[in-house]
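# Results of the structural survey
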Amino acid sequence: MRPFPYPATMVDRVLDWTRGRILGGPDPTHGAQDRATLDPLLGGSITPSGIGAERAFALFTDRIVPATRPFGHPTSLSFVASAPSQAALSFDAALGAAGIFAGNWDGGAGAIHAENQALRWLSDLAGWDGQAGGVFVAGGTLGNLSALHAARTWKERRTASPPAGRRAILCSTDAHSSIRAVARVMDVDVIAVPPDPSGGLAAPVARAALTPGVFAIVANAGATNSGAVDDIAGLADLARDHDLWLHLDGAYGLAALADPAMRPIFSGIERAHSFIVDPHKWLFAPYDSCALIYRNAADGANAHGQRAEYLDALDDTHWNPSDYALHLTRRARGLPLWYALATHGTEAYGAAIAATIDTARQIADGIDAMPGVQRILGPQLSVILFRPDAMTDRDMDVWAERHRRSGALLCLPTVWRGQKVFRLCIVNPETRAKDVLAVLRTLSEGQPS
Ligand SMILES: Cc1ncc(COP(=O)(O)O)c(C=O)c1O
């Protein structure tokens, strides 16, 4: 390979330019483009002799990134977006450059120790003692899979004679789609129980639905569609009574633990066996990271450690992150969260979460003041559902598409109890209620365009 002419300012350029992109306001060119458009733009970029660093980098800035959606934009309010801080984003670039192997202690001791400090902060927020521990994995889906595999292993180790029927996970019908995906991979059943009208699963309903094959209860700690939090304390009682594992899916919502005012809604978390929270959702870290934590870290290691002749040479008395989830090689993807926590301090996190919840409340108040627009649910955490009276479902799609394309607002419809509604989920402290409400007021006009 030829020597690589390192563009020393590459990271600075990208960071300045990313920031400009986020703050630069709506840009209709951002977003998906089809393959037929992209092919001529990027065609010929991989050649036998190479096109050189500057030209390849220019393709990245001028062609590749504009064909992606800036989910970090303050008006990107669908799905669960992402709002990485400048500290976390810039550190992620440094982390990539450091090329650290963080699958085991031998390769990444310092980085792993720092990641574990970030996991410690989360464990403290949950009220878990020094036995707790886990690992950062790529996302909530992998976190849920790894936790539920640990749950089944835990149950098998303490069950003398397994039940005759199939194993099952009990959860709300509003559990995230990843729970069903996990159950498919694990070849277990899902017992999905209807939640209450605001989307929270009540323990008595769950108790009535229990079957002998259930090994784990999954509680929503912030349902994606509604922001609802299940009755965690009641489900912890149920888990205790039937010797079941309680896993909290807090991929989105458990970030709110950082706000002391929100802590009571997660009461009972101290008795759960595992939880996940995605720093790339509401903890201001870049993609991709999910903190997976076991109250008793040994339960994770019992389920996940890999063995091989060439690995057995490693000293396994140390903390090896590969022992706590379904993975082996990994980057220290928890370090951007650690760096931003170290930079800004933990109180800044509480303040930033509280700010987004306050913005959601302001938007909800603004919706209430709009003639012809009904608030259907929320804010729960930072999710609001609402519906314009005069619009058909088709009008709603057209309205959403118009504002998606212009870049003014990403506010897509969802379905709530059989009815099409608009959904907003605020995770960005830079989202301004007045900007969002200015766009939403066009709904009062009842016109699709
Ligand atoms: C509650 C919940 N659980 C799990 C997931 C899956 O997380 P990921 O997309 O990081 O795999 C999501 C994603 O939005 C979620 O909101």
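Values in this document were obtained by computation on a predicted structure and should not be read as measured data.

### Digging into the nonpolar core
Core analysis: the largest hydrophobic core is formed by 65 residues, its most contacted members being Leu246, Leu248, Phe266, Phe275 and Trp282. Three or more residues apiece are contributed to this core by two domains, here domain 1 (96–344) and domain 2 (347–444). Ranked by size, the runner-up nonpolar core spans 29 residues in total, among them Ala150, Ala183, Val218 and Cys290.

### Some points on the packing of helix α13 (residues 346–368) against helix α15 (residues 433–444)
In the contact formed by α13 and α15, the axes pass within 9 Å of each other and the chain directions differ by 30°. As summarised for this structure, α13 and α15 are arranged roughly parallel, according to the angle between their axes. Crossing hand, α13 versus α15: right-handed. For the pair α13 and α15, contact is made by Thr359, Gln362, Ile363, Gly366 and Ile367 and by Ala433, Val436, Leu437 and Leu440, respectively.

### Regarding the site of the ligand
The environment of the ligand is made up of 13 residues, and the closest members are Gly140, Thr141, Thr224, Asp249 and Asp278. The separation between a nitrogen atom of the ligand and a polar side-chain atom of Asp249 is 2.8 Å. One of the side-chain N or O atoms of Asp278 is found 2.9 Å from an oxygen atom in the ligand. Coverage of the ligand by the protein amounts to 83% of the 390 Å² it exposes when considered alone. For the shell around the ligand, the secondary structure elements donating two or more residues are α6 (140–157) and α10 (279–282).

### A closer look at the sheet that holds strand β11 (residues 419–425)
What the four strands build is an open sheet, ordered β8-β9-β11-β10; its pairing is antiparallel. Two strands close off the open sheet at either side, each with one partner strand: β8 (373–380) and β10 (413–416). This sheet shows a mean twist of 35° between the axes of neighbouring strands, independent of strand direction. Against the sheet, helix α14 (residues 393–406) touches β9 (383–388), β10 and β11, its axis set at about 25° to β11.

### Things to note about the packing of helix α4 (residues 86–98) against helix α12 (residues 335–344)
With their axes 8 Å apart at the nearest point, α4 and α12 run at an angle of 130° to one another. When the axis of α4 is compared with that of α12, the two are oblique. As α4 packs across α12, the resulting crossing turns out to be right-handed. Contact with α4, carried on its side by Ala87, Ala88, Phe91, Asp92 and Leu95, involves Leu335, Pro336, Trp338, Tyr339, Ala340, Thr343 and His344 of α12 and no other residues of that element.

### Some thoughts on the domain arrangement of the protein
The domains assigned to the protein are domain 1 (96–344) and domain 2 (347–444). A straight line from the C-alpha centre of domain 1 to that of domain 2 covers 29 Å. Taken residue by residue, the interface counts 32 residues in domain 1 and 23 residues in domain 2. Interface of domain 1 and domain 2: buried area, both sides summed, is about 2000 Å²; carbon and sulfur atoms make up 63% of it.

### Quick notes on helix α11 (residues 297–304)
All buried positions along α11 are accounted for by Ala297, Asp299, Gly300, Ala303 and His304. All buried residues of α11 fall inside an arc of 160° around its axis, so they share one side.

Rules and cut-offs
- Within each chain, residue numbers correspond to sequence positions counted from 1 in written order.
- With pLDDT at 70 or above as the cut-off, local features in this predicted model cover only qualifying residues; side-chain atom pairs require 80 or more to be listed or tallied, and sums for whole chains, interfaces and linings still use all residues.
- Computation of side-chain values: all heavy atoms of the structure, hydrogens and water removed.
- Definition of nonpolar core: a set of buried residues of the types Ala, Val, Leu, Ile, Met, Phe, Trp, Tyr and Cys, connected through side-chain atoms within 4.5 Å.
- The rule is simple: take the accessible area with a 1.4 Å probe, protein chains only, and divide by the maximum for that residue type; under 20% is buried, over 50% is exposed, in between is partly exposed.
- As used throughout, domain bounds are those supplied by an automatic or database domain assignment.
- Axis angles are defined between N-to-C directions and span 0 to 180 degrees, where every axis is a line fitted to C-alpha atoms and, for a helix, only to the segment in contact.
- Think of it this way: any DSSP run of H or I at least four residues long counts as a helix, any run of E at least two long counts as a strand, and we number them from the N terminus.
- For classification, angles of less than 35 degrees are called roughly parallel, those exceeding 145 degrees roughly antiparallel, those between 65 and 115 degrees roughly perpendicular, and all remaining angles oblique.
- Should the near helix be turned anticlockwise from the far one by less than a right angle, the crossing is termed left-handed; should it be turned clockwise, right-handed.
- Contacts are assigned to residue pairs that have any heavy atoms within 4.5 Å of one another.
- Here a residue is considered near a molecule or strand provided that any single heavy atom belonging to it is located within 4 Å of it.
- Here a polar contact is recorded for every N or O atom pair within 3.5 Å, except that within protein the pair must consist of a potential hydrogen donor and a potential acceptor, and residues adjacent in sequence are included only if both atoms are side-chain atoms.
- The Shrake-Rupley method, run with a 1.4 Å probe sphere, supplies the accessible areas, and residue values consider only the shown protein chains as cover.
- Two strands pair under a simple rule: DSSP has to find at least two bridges between them.
- Two parts placed together each lose some accessible area under a 1.4 Å probe, and adding up what both lose gives the buried area.
- Think of the arc as the fan of directions from the helix axis to the C-beta atoms.

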